[in-house]
Amino acid sequence: PKAPPVSIVKTHRKIRELAAEGNYELALEYAEQLLQRYPSHVETMRTKGSLLLRMGDREAALKAYQKAQEIEPDRRVEEQIIKIEKSLSDEGAQ
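Figured I'd write up the structure that's included with this text. (Residues numbered from 1 in each chain as written. Predicted model: local features only at pLDDT ≥ 70, side-chain atom pairs only at ≥ 80, totals over all residues. Heavy atoms only, no water.)

In this section: the pattern of salt bridges. Summed over the entire model, instances satisfying the criterion amount to 6 salt bridges. Of the charged contacts in the structure, one is a salt bridge between Glu-32 and Lys-48, with a shortest N-O distance of 3.3 Å. Placement of the pair is Glu-32 in helix α2 (residues 24-37) and Lys-48 in helix α3 (residues 42-54), with a sequence separation of 16 residues. Judged by relative accessible area, Glu-32 falls into the partly exposed class, the value being 33%. (Salt bridge = Lys/Arg side-chain N within 4 Å of Asp/Glu carboxyl O. Helix = DSSP H or I, 4+ residues; strand = E, 2+ residues; numbered from the N terminus. Buried < 20%, exposed > 50% of the residue type's maximum accessible area, 1.4 Å probe, protein only.)

Structural data, given as structure tokens:
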């Protein structure tokens with residue numbers, strides 16, 4: 001049996017609600033489910049990056065942002081990548 005269609009719009013609304021409540025783990029699970037279904041959905045990939053960043057996992061956030069850039073480059077995402085890379089390299093230099 002085919003899985004029921006996943007509504008991107010509804011799922012994104014749910015992710016935003018959960019993130020606003022500070023429930024990043026569950027929001028991330030919803031984003032992951034959406035990406036399993038639509039692996040190249042750039043908005044979801046960017047959302048995943050920002051959730052991971054809020055959760056303090058900068059390396060995973062960096063990977064998500066880089067993947068989003070491969071799908072569809074965005075200047076703000078590029079700036080975010082540079083910021084994360086710099087913070088990670090600053091840490092490594094200590």
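What follows concerns helix α1 (residues 8-20). Each full turn of the α-helix corresponds to 3.6 residues, which orients residues three or four apart in the same direction. For α1, which comprises 13 residues, the first-to-last C-alpha distance of 18 Å matches the rise-based estimate of 18 Å (1.5 Å per residue) to within 8%. Buried within α1 are the following residues: Thr-11, His-12, Ile-15, Leu-18 and Ala-19. Across the axial projection of α1, the buried residues extend over an arc of 125°, all falling on one side. Facing away from the buried side of α1 by more than 90 degrees, the exposed set consists of Val-9, Lys-10, Arg-16 and Ala-20. Buried-residue contacts for α1 involve α2 and α3. Among the residues trailing α1, Gly-22 stands out with phi positive, at a value near 85°. (Expected span 1.5 Å × (residues − 1). Arc of directions from axis to C-beta. Contact = heavy atoms within 4.5 Å.)

An ideal rise of 1.5 Å per residue puts 20 Å on 14 residues; helix α4 (residues 58-71) measures up with 20 Å between its terminal C-alpha atoms. Looking at the buried positions of α4, the neighbouring elements they touch are α3 and α5 (75-93).

Helices that pack against each other are described as a pair by the angle of their axes relative to one another and the distance between those axes. Put simply, α2 and α3 touch, their axes get as near as 10 Å, and they point 155° apart. If you check the angle between α2 and α3, you find them roughly antiparallel. The chirality of how α2 crosses α3 is left-handed. Here Tyr-24, Ala-27, Leu-28, Ala-31, Glu-32, Leu-34 and Leu-35 of α2 come into contact with α3, specifically with Thr-44, Met-45, Lys-48, Leu-51, Leu-52 and Arg-54. For the contact of α2 with α3, a count of residues per class yields 9 nonpolar, 1 polar and 3 charged. (Axes fitted to C-alpha atoms, helices over the stretch in contact; angles between N-to-C directions. Parallel < 35°, antiparallel > 145°, perpendicular 65-115°, else oblique. Left-handed = near helix turned anticlockwise from the far one by under 90°. Nonpolar A, V, L, I, M, F, W, Y, C, P; charged D, E, K, R; others polar.)

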